[in-house]
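# A look at the structure
If you want the building blocks of each chain, they are given just below.
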Amino acid sequence: RRGLREQARVAAPGADALAVSQFWFAYRAREGGGDVLRAIRIGSRSGGIGAGGLPLSDPATVARAQGPAQLSRPGVYGATLVYGRSTPRSSSIVHRVLGTRRKTTLIGSRRWFVSNPSILGRTFAYVRTTNERQQLRLRRLAGGGKGKVVFSMPATSFRDRDHERGRHRLPTLVPKPDRSRSNSAMWSTALARDRVYLTLLRQARGRVAARIIRVGR
């Protein structure tokens, strides 16, 4: 929209992440030792009026996770919400149509960590982390599989040699482990029409620094 005049004000105690589309406002908050995602409808069909005169609905809870489970920051396009959910045993990317009860798990894993989705149109981006690589991936909502890799870098963890010092690796079809390592961790994502934006967190000397990179789709 034009200008920066305040259109509405929303009370969101404990909120630490948000996403906004033309029709919906979603946010994550800490509550009772866990995470909660809430959504507010924007516009004439919301049935309410917010501060500033912009029509807003009351917040509706769309997801909860009690510790140690966690919810990622939300991503919204139109009425489509995507978010990550992780537990000690698994992680998943979830698709929710706001204003309905429609919910779908887009991708999940008990072995690798999938997180930090964002969405534009019918495509979503997310981070997939293994014990060797961190990958920024793109996939269609209606597609299957893991999607395509648009950016990749070593994981932050160390891999062992898979054999003891002074001994040799037995002949096998399994490739040698990737023992490279990065001090940067992939974090939040944002999707544009021709680019994907990715936040990298780097820890050094007890401090954490963040930078944003962009890669082509």
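Before reading further, recall that the structure is shown in the block above.
This text gives an overview of the structure that appears in the document. (Residues numbered from 1 in each chain as written. Predicted model: local features only at pLDDT ≥ 70, side-chain atom pairs only at ≥ 80, totals over all residues. Heavy atoms only, no water.)

### Side note on the nonpolar core
Of all hydrophobic cores here, the largest spans 15 residues; its most connected members are Leu37, Val62, Leu71, Val76, Leu81, Tyr83 and Leu98. Taken together, the elements giving at least two residues each to this core come down to strand 2 (24–31), strand 3 (34–41), strand 4 (60–66) and strand 7 (80–86). No other element matches strand 4, which puts three residues into this core. The contacts of leucine 81, once residues within four sequence positions are left out, are Ala26, Val62, Pro74, Gly75, Val76, Val94, His95, Arg96 and Leu98. (Core = buried A, V, L, I, M, F, W, Y, C linked by side-chain atoms within 4.5 Å. Buried < 20%, exposed > 50% of the residue type's maximum accessible area, 1.4 Å probe, protein only. Helix = DSSP H or I, 4+ residues; strand = E, 2+ residues; numbered from the N terminus. Contact = heavy atoms within 4.5 Å.)

### Some details on the pairing of strand 3
Of all eight residues making up strand 3, seven are buried, and the element is well covered by its neighbours. In this structure, strand 2 lies alongside strand 3, joined through eight bridges in antiparallel fashion. Bridge pairing in strand 3 places arginine 30 opposite aspartate 35. The turn joining strand 2 and strand 3, which pair antiparallel and follow one another in sequence, is formed by two residues; a positive phi near 60° is taken by glycine 32. Summarising the sheet, strand 3 and strand 4 pair through six bridges and their orientation is antiparallel. In the strand pairing of strand 4, leucine 37 is matched with alanine 63. (Pairing = 2+ DSSP bridges.)

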